[in-house]
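A structural walkthrough
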Amino acid sequence: LLADVATSFSGQAESEEIKLTVETGAGIDQAKMRGDLGRLTQALSNLIANALRYTPAGGVITLGATLTSDGIRFQVKDTGAGIPDGDIPYVFDRFWKGDSSRKHVEGAGSGLGLAIARQLIELHGGAISLESIVNQGTTFTIDLPLDGDQGSVFSRTQ
């Protein structure tokens, strides 16, 4: 999942001179979870698109996945502009947009990407959170449950 998403954004990252990396923890390749591959890809893509929007040239975006005691933790970490503490409670609200002065590129989205990401993650029984420091970067964390019966890994969206 992370490799596919990283490949989708590698050209854009390269053209914007941003390093895009993938780091996975031990055993992650054996973990199974139930979910809709297309929707999980959409949620991660929304996070990566934001990271690219707010990370300047020379910055780094790291996609990660590790096993936790009861699930899989995905992270999208950037070395971008960061989010002011006062804005953090609102970032998942529909149509909310951060301070436009923080944008390093024009053409910011509609303010729906993070709200959609949260809804998709919650529909998968998971949770999404973030930590951010202004001028240092932001880390979005997605926690999803493992598939208890070790059944099919993903379904595909038609």
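The coordinates are above.
Residues numbered from 1 in each chain as written. Predicted model: local features only at pLDDT ≥ 70, side-chain atom pairs only at ≥ 80, totals over all residues. Heavy atoms only, no water.

Side note on the overall build of the chain
For clarity, the threshold we go by: Each helix is a run of H or I in the DSSP string that is no shorter than four residues. Each strand is a run of E no shorter than two, and both are numbered from the N terminus. Throughout, exposure labels follow a simple rule: accessible area from a 1.4 Å probe, protein chains only, divided by the maximum for the residue type, with under 20% read as buried, over 50% as exposed, and the rest as partly exposed. Residues are treated as being in contact if the distance between any of their heavy atoms lies within 4.5 Å.
When you go through the chain residue by residue, the secondary structure sums to three helices and five strands. Counting from the amino terminus, the chain carries its helices and strands in the arrangement α-β-α-β-β-α-β-β. Every one of the 158 residues in the chain was classed for burial, and the buried ones make up 40%. A separation of at least 24 residues holds for 70% of the contacts in the chain among residues at least 6 apart in sequence.

Things to note about the environment of Gly 113
Note on placement: Gly 113 falls in helix 3 (residues 113-123). For Gly 113, a relative accessible area of 27% corresponds to the partly exposed category. As a C-alpha pair, Gly 113 and Asp 93 span 20 residues in sequence and 9.6 Å in three-dimensional space.

Remarks on helix 1 (residues 2-15)
Condition: An expected span of 1.5 Å times one less than the residue number is assigned to each helix.
Its 14 residues place the ends of helix 1 20 Å apart at the C-alpha level, agreeing with the 20 Å of an ideal helix rising 1.5 Å per residue. Those residues of helix 1 that fall on the buried side of the exposure criterion are Leu 2, Val 5, Ala 6, Phe 9 and Ala 13. Residues of helix 1 that are buried sit in contact with strand 1 (19-24), helix 2 (37-54), strand 2 (60-67) and strand 3 (71-78). Where helix 1 ends, the next residue or the one after it, Glu 17, has phi of about 60°, a positive value.

A closer look at helix 2
For the record, the criterion: Here a polar contact means two N or O atoms within 3.5 Å. Within protein one must be a hydrogen donor candidate and the other an acceptor candidate, and residues neighboring in sequence count only if both atoms are side-chain atoms.
Here helix 2 is 18 residues long and its end C-alpha atoms lie 26 Å apart, about the 26 Å a rise of 1.5 Å per residue gives. Counting buried residues in helix 2 gives 13 out of 18 residues, a clear majority hidden from the surface. Where helix 2 starts, the residue carrying a side-chain oxygen 3.0 Å from the main-chain nitrogen of Gly 38 turns out to be Asp 36.

Everything listed here is a matter of geometry and, on its own, says nothing about what the molecule does.
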